[in-house]
Amino acid sequence: MKISRRKFLRLGALALPAALGADARLIEPTLLRITRVTINPAGELQVVHFSDFHYKGDKEYASEVVEQINSLAPDFVCFTGDLVEDKKFVPAALEFIQQIKAPVYGSPGNHDYRCGARFADYQRAFAATGGGWLADRRVVLADFDLELVGLGANGFRQLDSRAAARRIMLVHYPYEADRLHGHRFDLLLAGHSHGGQVRLPFYGAIALPWGVGRYEHGYYETPAGPLYVNAGIGTYHFPWRFNCRPELTLLKV
């Protein structure tokens, strides 16, 4: 049976949205990618950054995330908030954190506060990796002459004195990079934006949450220092991603 060119184009036009919708709903939300970013070309420190887990019970995907992080063999790992939305998922999500074979340092996101999770549970799990939960806290990694500062809801501002040669700030909201009042960092790591989850070519994110400002995804130079905004590994509001795959960032610092 022959088909006219006009009919073929009409069928193609109908099929394309369905294919894009299937990709956005069924494929891309768990199609994990690794982004490599060099902050210091001479640096020997390898850091993995991930954000916005939003764990809802997908054990297969969570296992893949852990496997990928472990395969990168980082010196340590940074997590910038939103482990879960519902506190009933906290125990399982923390089990996956503890499967990471490197120290994991985390700072809270809005959903970690909103869901009513016990940060004492977070602290125990992150400490079990050799890392820590940095909700308005800082810690010095003596082996790397490096200070990690975690910003929480109280707006930690005890930043005047450096305790090490280099400082990395973990924040959830990217716009905090414009609110640090003259403090400088060698690197800031943030999440929250999810990169918009749906990004149109030549346009960018079609919608972004509050707290992002001008830093929606990727690398930026800011008044407080270089900032990387991770696209997150989970989804929120709607379980779709398009042109914005979930991301692990491997940074050379």
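Residues numbered from 1 in each chain as written. Predicted model: local features only at pLDDT ≥ 70, side-chain atom pairs only at ≥ 80, totals over all residues. Heavy atoms only, no water.

1. Quick word on the nonpolar core
Among the nonpolar cores identified, the biggest contains 32 residues, and Phe50, Leu83 and Tyr122 are the most heavily contacted of them. When contributions to this core are tallied by element, the ones reaching two or more residues are β2 (46-50), α2 (59-72), β3 (76-79), α3 (90-98), α5 (119-128) and β14 (247-252). Sort the elements by how many residues they give to this core and α2 lands first, with 6 residues. Those residues within four positions of phenylalanine 50 in sequence are excluded, and the remaining contacts are Ile69, Val77, Cys78, Phe79, Thr80, Ile97, Ile100, Asn230, Ile233, Glu247 and Leu248. (Core = buried A, V, L, I, M, F, W, Y, C linked by side-chain atoms within 4.5 Å. Buried < 20%, exposed > 50% of the residue type's maximum accessible area, 1.4 Å probe, protein only. Helix = DSSP H or I, 4+ residues; strand = E, 2+ residues; numbered from the N terminus. Contact = heavy atoms within 4.5 Å.)

2. Some points on the pattern of salt bridges
Throughout the structure, instances matching the rule amount to 8 salt bridges. Aspartate 121 is paired through a salt bridge with arginine 118; the nearest N and O atoms lie 3.3 Å apart. Relative accessible area serves as the criterion here: at 24%, aspartate 121 is assigned to the partly exposed category. The residue arginine 124 makes a salt bridge to aspartate 121 at a minimum N-O spacing of 2.4 Å. Separated by 3 residues within a single helix, arginine 124 and aspartate 121 lie in helix α5, roughly one turn from each other. (Salt bridge = Lys/Arg side-chain N within 4 Å of Asp/Glu carboxyl O.)

3. Some points on the environment of phenylalanine 238
As for its position among the elements, phenylalanine 238 is in the loop between β13 (225-229) and β14. Given a relative accessible area of 30%, phenylalanine 238 falls into the partly exposed group. Sequence separation between phenylalanine 238 and glutamine 197 is 41 residues; the distance between their C-alpha atoms is 9.0 Å. The contact partners of phenylalanine 238, leaving out residues within four places of it in the chain, are Gln197 and Val198.

4. Describing the confidence of the model for the chain
Looking at the chain as a whole, the pLDDT averages 90, with 87% of positions reaching at least 70. Between residues 11-16, whose pLDDT stays under 50, and residues either more than four places distant or in other chains, the model counts 1 contact. In this model residues 18-23 is a low-confidence stretch, pLDDT under 50, and it forms 6 contacts with partners more than four residues away in sequence or in other chains. (pLDDT = per-residue confidence, 0-100.)

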